[in-house]
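# Per-entry structural report
For reference, the chains in residue letters:
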Amino acid sequence: MKCANCGKEIRAGSVYCEHCGKEAMIVSDYNVLEEEVLHSLLEDDEAFAKRQAALKKKQDEIDRQNAIKHKADEPETKKPTGNAFIDKIWNVKKNRIIFILICVAVILAIAAVIFFTSFRFKMIRGSSLDNSGKYEEAIEVYKSALEQKPDSVEARVALGKDYIILEKYDMAEDILLEALKIDSESVDVYKALIVLYTASDNSEKLQELEKNAPSSAIMKLFDDTVVTPPAASVKGGKYNEDKEVTLTCDSGCTMYYTLDGTTPTKENGKLYSSPIKISSGETTLKAIAYNDKAEKSIVTTEKYQISYEAPDYPTLSPRSGHFDSPTSVTISTNLDGAKIYYTWDGSTPTSSSERYYGPIDIPEGNNVLSVILVDKHGMSSDVLRANYEYTP
């Protein structure tokens, strides 16, 4: 296309000539080829414009995402406090980091102080001391924990167990009974009391504890953890005769005993196999049972005092009298193992005198029969005297 004023080529669609500046008056130089070229150029411009628009849209989205990311990465700007010195320090990133670290350290320090003075830490500390065998130190820690939490059953049980280990049985019982008042169905308290009464050989209190068990679950503790102690056929007490004591225990148990008051074990006790004879004097029988798991019972203790008494007179038949025909005297007793001695001359008989084996004849004349009975323990009766007169 050419300008009608200056004749120079101008771009298609121009309103003014870019060369002379006048309103473009186009000289028609149209032909089919130029029309096709022009149409092609217009299509290219339109496609180009679309591509540019698409690229611009994509670039705008990338810029928007970058702007969001950049904003997130930027530290939040603290509003001024009004104090220039503080604002100046806070606006320095390094100072802010130091301040935050200090705050975290202070918080951790406070948390540590709270934990290391807490009831729970003291219980953990006490347990650690127990594991190291430092029971006295552990007791002090548990006492401190109990001061912090006066109604704690857990602390009382821990204290009780340490007192048992140190054989302070009275103190253990006091603290555990306190725990039982707080929680009458605590399995841990009952376990500790069972251990206490077993260790201290207190069968009466163990039986009383079992009798007052509040539930079947507690009752089961006695079946699972307690070996039934031996039972003696003869209870301790004062007797005037020897006693034979039979020991019994649950099936499968093995029993050991001592007669000198010492606590029996497998090592120092005598294995029970037959009735035990208790003789004159004071005897303390102690017996213990072991089950097939080598668990032991509490110790059964029976104290016997055997004081022999002089036996009664034997029996004479006839008792005395005057006889004119040969007569025999029969002497009898119901004491097993007893021996009878006699004299006819009025003297006091001894174990060296004539021993009675069967009926004895009354000699002629007026005679005094003197008789004593010596029992199996060597105890002698008083002298029995009877007058017999035989005149043929």
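Residues numbered from 1 in each chain as written. Predicted model: local features only at pLDDT ≥ 70, side-chain atom pairs only at ≥ 80, totals over all residues. Heavy atoms only, no water.

### Some points on the overall build of the chain
On a plain count of helices and strands, the chain comes out with ten helices and 19 strands. The burial tally for the chain puts 30% of its 392 residues in the buried class. Sequence separation of at least 24 residues holds for 52% of the intrachain contacts in the chain that already meet a minimum separation of 6. Of the roughly 25700 Å² of accessible surface on the chain, a fraction of 53% belongs to carbon and sulfur atoms. (Helix = DSSP H or I, 4+ residues; strand = E, 2+ residues; numbered from the N terminus. Buried < 20%, exposed > 50% of the residue type's maximum accessible area, 1.4 Å probe, protein only. Contact = heavy atoms within 4.5 Å. Areas by Shrake-Rupley, 256 points an atom, 1.4 Å probe, with all protein chains shown as cover.)

### Points about helix α8 (residues 187-199)
Along its 13 residues, α8 runs 18 Å from first to last C-alpha, staying within 8% of the 18 Å computed at 1.5 Å per residue. The first or second residue beyond α8 is D201, which carries a positive phi of 55 degrees. (Expected span 1.5 Å × (residues − 1).)

### Remarks on the pairing of strand β7 (residues 254-258)
Most of β7 is tucked away, with four of its five residues classed as buried. Relative to strand β10 (residues 281-290), β7 runs antiparallel, the two sharing five bridges. Along β10, the bridge assignment pairs M255 with A289. Pairing between β7 and strand β8 (residues 270-271): two bridges, direction antiparallel. (Pairing = 2+ DSSP bridges.)

### A few points about the nonpolar core
The tendency in soluble globular proteins is for nonpolar side chains to be buried side by side. By size, the foremost hydrophobic cluster in this structure holds 36 residues, and its most contacted members are L176, L193 and F222. Taken together, the elements giving at least two residues each to this core come down to α4 (119-131), α5 (135-148), α6 (153-165), α7 (169-182), α8, α9 (203-211) and α10 (216-225). Discounting chain neighbours no more than four positions away, the residues touching L176 are R156, V157, G160, I164, V189, A192, L193 and L196. (Core = buried A, V, L, I, M, F, W, Y, C linked by side-chain atoms within 4.5 Å.)

### Some points on the sheet that holds β7
The five strands lie next to each other as β4-β11-β10-β7-β8, forming an open sheet whose pairing is mixed. Edge positions in the open sheet fall to β4 (237-239) and β8, since each of these has one partner strand only.

Geometric values such as these leave the question of function open.
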